[in-house]
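So you can see what is in the structure, the chains are spelled out below.
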Amino acid sequence: MLPLATFAASAAAGVGKNLLQSLSKTDTNTMDTAQASTQASAKARKTADEFEKMFLEDSLERMTQSEGTEGPLGENGSGGGVWRSMLTKEYANAIVKSGGVGISNQVYSEMMRMQEAGRGGK
């Protein structure tokens, strides 16, 4: 009976070792998935913020356009367009940094919803 007990103990140790390795792989995979999800969320937030900034730049650029030589920002001479473009980019940056107008949040929510729907389809 002694050889059978030794065999059983050895088999139990082998099963326990395999189970422990399997659990550690699962934990690592879970951590990798959580890390990837966090990175995807950060990337989606950055993309949404950049979209809002681009939208605001375009809107502000159209708002400050003028047909003649005298516009809402003063004399438009040879460098007026460049100056106006830089100014509208800075305005857009300031608006987004102060919380934006809500476009970024909606775009982010939609991107995350689509990402979750994509995961569900797998």
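Up top is the structure these notes are about.
Residues numbered from 1 in each chain as written. Predicted model: local features only at pLDDT ≥ 70, side-chain atom pairs only at ≥ 80, totals over all residues. Heavy atoms only, no water.

K.L.:
So what's going on with the side chain of Glu57? Which residues, and what values?
P.N.:
Structurally, the position occupied by Glu57 is in helix α1 (residues 2-63). At 4.3 Å, Lys53 is the nearest oppositely charged side chain to Glu57, a buried residue that forms no salt bridge. If we skip the residues at most four places from it in the chain, Glu57 touches Thr88, Lys89 and Ala92. (Helix = DSSP H or I, 4+ residues; strand = E, 2+ residues; numbered from the N terminus. Buried < 20%, exposed > 50% of the residue type's maximum accessible area, 1.4 Å probe, protein only. Lys, Arg positive; Asp, Glu negative; His and termini not counted. Salt bridge = Lys/Arg side-chain N within 4 Å of Asp/Glu carboxyl O. Contact = heavy atoms within 4.5 Å.)

K.L.:
Go over the environment of Leu60, please, and point to the residues and values.
P.N.:
Along the polypeptide, Leu60 turns up in helix α1. In the structure, Leu60 is positioned 29 residues away from Lys89 in sequence and 8.5 Å away in space, judged by C-alpha atoms.

K.L.:
Outline the pattern of salt bridges, supporting the account with residue identities and numerical values.
P.N.:
Two side chains bearing opposite charge may form a pair once their charged atoms approach each other closely. Per the stated rule, a full pass over the model turns up three salt bridges. Arg62 is the partner of Asp58 in a salt bridge, and the nearest nitrogen-oxygen pair spans 3.2 Å. With Asp58 and Arg62 both in helix α1 and four residues apart, this pair spans about one turn of that helix. With a relative accessible area of 41%, Asp58 lands in the partly exposed category. In this structure, the salt-bridge partner of Arg113 is Glu110, at a minimum N-O distance of 2.5 Å. One end of the pair, Arg113, and the other, Glu110, are both in helix α3 (residues 103-120), three residues apart, so they sit about a helical turn from each other.

K.L.:
How would you sum up a nonpolar patch on the surface? Please name residues and give values.
P.N.:
There is a patch of nonpolar side chains on the surface, built from Phe51, Met54 and Phe55 and spanning about 290 Å² of accessible area. If you trace the backbone, Phe55 turns up in helix α1. (Patch = residues over 30% accessible without salt bridge, like charges linked within 9 Å, V, L, I, M, F, W, Y side chains within 5 Å. Areas by Shrake-Rupley, 256 points an atom, 1.4 Å probe, with all protein chains shown as cover.)

K.L.:
Describe the packing of aromatic side chains, and please don't skip the residues or the numbers.
P.N.:
Under the criterion given, the structure shown has zero aromatic pairs. Positioned above the aromatic ring of Tyr108, the side-chain terminus of Arg45 is 4.0 Å from the ring centre. (Phe/Tyr/Trp six-rings, centres within 6.5 Å; stacked < 30°, edge-to-face > 60°. Lys NZ or Arg CZ within 6 Å of the ring centre and 35° of its normal.)

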